[in-house]
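# Structural overview
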Amino acid sequence: MNIQIFGKSKCFDTKKAERYFKERRIKYQFIDLVRFGMSGKEFDSVLRAVGGIDNLIDWNGKQQQITNMKYMDDARAKEDKVFDDPSLMKTPIVRNGKQATVGYCPEVWATWE
């Protein structure tokens, strides 16, 4: 397994995801999403794995940009905005090769082991 956890340092669910893998002694790489973001290939891979941009956006976020995106029809424009501002993504994003989850999903991660 090659686990990557993309998250925000102050996100409670990101800390829970890290704890999940630590408790099972599964090595992972933590990437601070706000500080480092994702590469273009990583972003495209995650989009395919989670079923599109709408599943990647943190719709409960307080930023005005999220409110504005609810009214955007163009998926490509949403993708560009989220790629440029990773703080709009729901976290944690956990990748295992071509598989990925958004949010705290231990039931899915258990099938990866």
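A brief structural summary.

Cut-offs and rules
- Each chain carries its own residue numbering, running from 1 in the written order of its sequence.
- Totals for whole chains, interfaces and linings use all residues, but because this is a predicted model, local features are given only for residues with pLDDT of at least 70 and pairs of side-chain atoms are given and counted only at 80 or more.
- Each side-chain value is derived from all of the structure's non-hydrogen atoms; neither hydrogens nor water enter the calculation.
- Only one rule defines a salt bridge in this text: a Lys or Arg side-chain nitrogen within 4 Å of an Asp or Glu carboxyl oxygen.
- Counting from the N terminus, the helices are DSSP H or I runs at least four residues long and the strands are E runs at least two residues long.
- Only protein chains enter the accessibility calculation, which uses a 1.4 Å probe; a residue whose area is less than 20% of its type maximum is buried, one above 50% is exposed, and one in between is partly exposed.
- Helix axes are fitted to C-alpha atoms over the stretch in contact, other axes to C-alpha atoms as well, and angles between N-to-C directions run from 0 to 180 degrees.
- Note on angle classes: values under 35 degrees are labelled roughly parallel, values over 145 roughly antiparallel, values of 65 to 115 roughly perpendicular, and the remainder oblique.
- Should the near helix be turned counterclockwise from the far one by less than a right angle, the crossing is left-handed, whereas a clockwise turn marks it as right-handed.
- Any two residues having at least one pair of non-hydrogen atoms within 4.5 Å are treated as being in contact.
- Each residue gets one of three labels, nonpolar for Ala, Val, Leu, Ile, Met, Phe, Trp, Tyr, Cys and Pro, charged for Asp, Glu, Lys and Arg, and polar for the others, Gly among them.
- In this scheme, a helix's expected span is set at 1.5 Å multiplied by one less than its residue total.
- The directions from the helix axis to the C-beta atoms form the arc being described.

Under the defined criterion, the tally for this structure stands at six salt bridges. Here K16 ties to D13 by a salt bridge, and the two come within 3.6 Å at their closest N and O atoms. Taken as a pair, K16 and D13 lie in helix α1 (residues 12-23) at a separation of three residues, close to a single helical turn. A residue is classified by how much of its surface remains accessible, and D13, at 26% relative accessible area, is partly exposed. The structure contains a network of salt bridges with shared partners spanning R76, E79 and D80.

Moving on, we come to the packing of helix α3 (residues 40-50) against helix α5 (residues 75-84). Where α3 contacts α5, the two axes come as close as 12 Å, and the packing angle between them is 130°. Between α3 and α5, the angle is such that the two are oblique. As α3 packs across α5, the resulting crossing turns out to be right-handed. Side by side, α3 and α5 meet where G40, F43 and L47 of the first sit next to E79, V82 and F83 of the second. Taken together, the residues of the contact of α3 with α5 sort by class into four nonpolar, one polar and one charged.

With that settled, consider α1. End to end, α1 covers 16 Å across twelve residues, agreeing with the expected 16 Å (1.5 Å per residue, within 8%). Every buried residue of α1 is accounted for by T14, A17, E18, Y20 and F21. Taken end-on, α1 shows its buried residues confined to a sector of 155°, consistent with a single buried face. Seen from the open side of α1, the exposed residues pointing more than 90 degrees away from its buried face are F12, K22 and E23.

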